[in-house]
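# Observations on the model geometry
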Amino acid sequence: MSQPMSSPADVRRTRPAFVAVLLVALGLALAACSNGDESTVATDINEVRASLGLSELVRVPELDVKAEAQAERMANRGTIFHSNNLASGVSDGWASIGENVALAGSAQDAQIALEASPGHYANMTNPAYTQVGLGVVSRNGVVYVVQVFVGR
């Protein structure tokens, strides 16, 4: 038995959906290419944890979205500040949550400053945390970094 052929009208109806899916995929690919700073920060955090015998933090897309949005808000205001509602946008099931925020001339310099700060270092090395989300936004020569930590 043969498959029915698609009519030209069917092809025209499916083309916008295909284009939309293609654009989303392209956007995700470009985002993945542009987040080198986030990957470097993730590596740095996990190296600190490994040096203490702690498990690696797993990056979670919903936490990346949250961290990126906070970094963008900070860049728009030109200053650092913590999220108003840290649990907002985080799916249920978490037991602990924390956030580090910083600004510097580079993501690397921000990470160095966070590691030198006892409170921020405590977040990075908290054994209760199992997941992390990262946001890095550069604006006018200033880099804003947000790290969101969750324990599940």
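Analysis parameters
Residues numbered from 1 in each chain as written. Predicted model: local features only at pLDDT ≥ 70, side-chain atom pairs only at ≥ 80, totals over all residues. Heavy atoms only, no water. Buried < 20%, exposed > 50% of the residue type's maximum accessible area, 1.4 Å probe, protein only. Helix = DSSP H or I, 4+ residues; strand = E, 2+ residues; numbered from the N terminus. Arc of directions from axis to C-beta. Contact = heavy atoms within 4.5 Å. pLDDT = per-residue confidence, 0-100. Core = buried A, V, L, I, M, F, W, Y, C linked by side-chain atoms within 4.5 Å. Expected span 1.5 Å × (residues − 1). Salt bridge = Lys/Arg side-chain N within 4 Å of Asp/Glu carboxyl O.

## Some remarks on helix H4 (residues 107–116)
Three or more residues of H4 are buried, namely Ala107, Ala110, Gln111 and Leu114. Seen end-on, H4 carries its buried residues on one side only, within an arc spanning 100°. Tucked into the core, H4 has its buried residues touching helix H2 (36–51), strand E2 (96–104), helix H5 (118–124), strand E3 (131–139) and strand E4 (142–151).

## Quick notes on the confidence of the model for the chain
Scored by pLDDT, the chain has a mean of 84; 77% of the residues are at 70 or more. pLDDT under 50 marks residues 1–7. Its contacts with residues more than four places away, or in other chains, come to one contact. Confidence over residues 17–34 falls short of pLDDT 50; this stretch has zero contacts with residues more than four positions distant or in other chains.

## Comments concerning the nonpolar core
Counting residues in hydrophobic clusters, the biggest one holds 17 residues, and the most contacted among them are Ile45, Leu57, Ala107, Leu134, Val145 and Phe149. Counting only elements with at least two residues in this core, the list comes to H2, E2, H4, E3 and E4. If we ignore the near neighbours within four places in the chain, the residues touching alanine 107 are Asp37, Val41, Val136, Val143 and Val145. Val60, Ala75, Val90 and Tyr144 belong to the second largest nonpolar core, which has 14 residues in total.

## Digging into the side chain of aspartate 64
Summarising the element assignment, aspartate 64 is placed in helix H3 (residues 61–77). Under the relative-accessibility criterion, aspartate 64 is labelled buried at 18%. The residues contacting aspartate 64, other than those within four sequence positions of it, are Arg59, Val132, Gly133 and Leu134.

## Describing H2
Here H2 contains 16 residues, and its C-alpha end-to-end distance of 23 Å stays within 8% of the 22 Å for a straight helix at 1.5 Å per residue. Those residues of H2 that sit buried are Glu38, Val41, Ala42, Asp44, Ile45, Asn46, Val48 and Arg49. With its phi angle positive at about 75°, glycine 53 sits one or two positions after the end of H2.

## Quick word on the pattern of salt bridges
Evaluated as defined, the whole model comprises three salt bridges. For glutamate 62, the salt bridge identified is with arginine 152, shortest N-O distance 3.1 Å. Linking glutamate 62 in helix H3 with arginine 152 in the segment after E4, this pair joins segments that are 90 residues apart in sequence.

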